[in-house]
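# Overview (structure and organization)
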Amino acid sequence: MIRFEHVSKRYPGGINALTDINFELVQGEMAFLTGHSGAGKSTLLRLILMLEQATRGQVLVEGRNLSRLSMRTAPRIRQRIGMIFQDHKLLRDKTVFDNVALPLMIAGLRYADIRKRVRAALDKVGLLQRERAWPLALSGGEQQRVGIARAIVGMPPVLLADEPTGNLDPELSASLFQLFRELNSLGVTVLIASHDLALIRRMGQRVLVLSGGSLIDDIPALEGGGAA
Ligand SMILES: Nc1ncnc2c1ncn2[C@@H]1O[C@H](COP(=O)(O)OP(=O)(O)OP(=O)(O)O)[C@@H](O)[C@H]1O
């Protein structure tokens, strides 16, 4: 589903953000990506989204070799990937419903379909009652869940998250991770960058560990999953 083969990324200016990364995430797998600040987590996710291109090696998503695709193909690749950011990037002048509906509106779906899908996504994150609310009227955890609803509304087979629990308290973080696990159990391939080591350990999932741009460990999931 996602495969890195000898991938290196050097930014202009000479910074080697990633060096010879190799791993594969099969369809329906869930994993965490961890490492200290600057280890290369965001860069790795950005390569999958075609927001950056590998300097060396190959990134494959659903069997497609991204280095062989032109950047014009990027929007089509991104339609297959839900992305959750730490700061959730909600539009303040749009309601919760409209924020979640945005990717479907861009994709040109009919309003009746949009309505059905947006309500299903909001239901999944427990926010159906808040569809008419404005983002600023929501708590940080609720805003983050709106961001997740927006990422899953197009039913992408892959979900990526970059420090999704950055500003949340431990309880909310745990419930968010639980939600990722639920989505994963529905068949979605999930990769979450996080440095919340305590929580990651409790989840009992596979953990990829980056240090200074190298993949220094690949810890397999515990049998039967963790507690969380
Ligand atoms: N656009 C860029 N141009 C130049 N260097 C960059 C760029 N983006 C990231 N870097 C550098 O690449 C390295 C890896 O950064 P990256 O953001 O991928 O790490 P990270 O593990 O996500 O860090 P954090 O946890 O702080 O977000 C760092 O040294 C960073 O300064």
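Preceding this paragraph is the structure being described.
What comes next is a walk through the structure. (Residues numbered from 1 in each chain as written. Predicted model: local features only at pLDDT ≥ 70, side-chain atom pairs only at ≥ 80, totals over all residues. Heavy atoms only, no water.)

Let's shift gears to the site of the ligand. Surveying the vicinity of the ligand reveals the residues Tyr 11, Ile 15, Ala 17, His 36, Ser 37, Gly 38, Ala 39, Gly 40, Lys 41, Ser 42 and Thr 43. Between Ser 37 and the ligand, the recorded distance is 2.6 Å, taken from a side-chain N or O atom to an oxygen atom. In the model, an oxygen atom of the ligand is placed 2.8 Å from a nitrogen or oxygen of the Gly 38 main chain. When the ligand is considered free in solution it has 640 Å² of accessible area, and contact with the protein chains removes 61% of it. Those elements giving two or more residues to the shell around the ligand turn out to be β2 (15-25) and α1 (41-48). (Near = heavy atom within 4 Å. Polar contact = N/O pair within 3.5 Å; in protein donor to acceptor, adjacent residues only side chain to side chain. Areas by Shrake-Rupley, 256 points an atom, 1.4 Å probe, with all protein chains shown as cover. Helix = DSSP H or I, 4+ residues; strand = E, 2+ residues; numbered from the N terminus.)

So, on to the side chain of Lys 9. Residue position: Lys 9 is located in strand β1 (residues 2-11). Beyond its immediate chain neighbours, meaning those up to four positions away, Lys 9 contacts Ile 15, Asn 16, Ala 17, Leu 18, Thr 43, Leu 47, Glu 52, Gln 53 and Thr 55. (Contact = heavy atoms within 4.5 Å.)

Moving on: the sheet that holds strand β5 (residues 64-65). With antiparallel pairing, the four strands of this open sheet are ordered in space as β2-β1-β4-β5. The sheet is open, and its two edges are formed by β2 and β5, each paired on a single side. For β1 and strand β4 (residues 56-61), the ladder comprises five bridges, and the chain directions are antiparallel. The residue bridging Ile 2 from the neighbouring strand is Val 61, located in β4. Where α1 meets the sheet, it contacts β1, β2 and β4, and its direction lies at approximately 115° from that of β1. (Pairing = 2+ DSSP bridges. Axes fitted to C-alpha atoms, helices over the stretch in contact; angles between N-to-C directions.)

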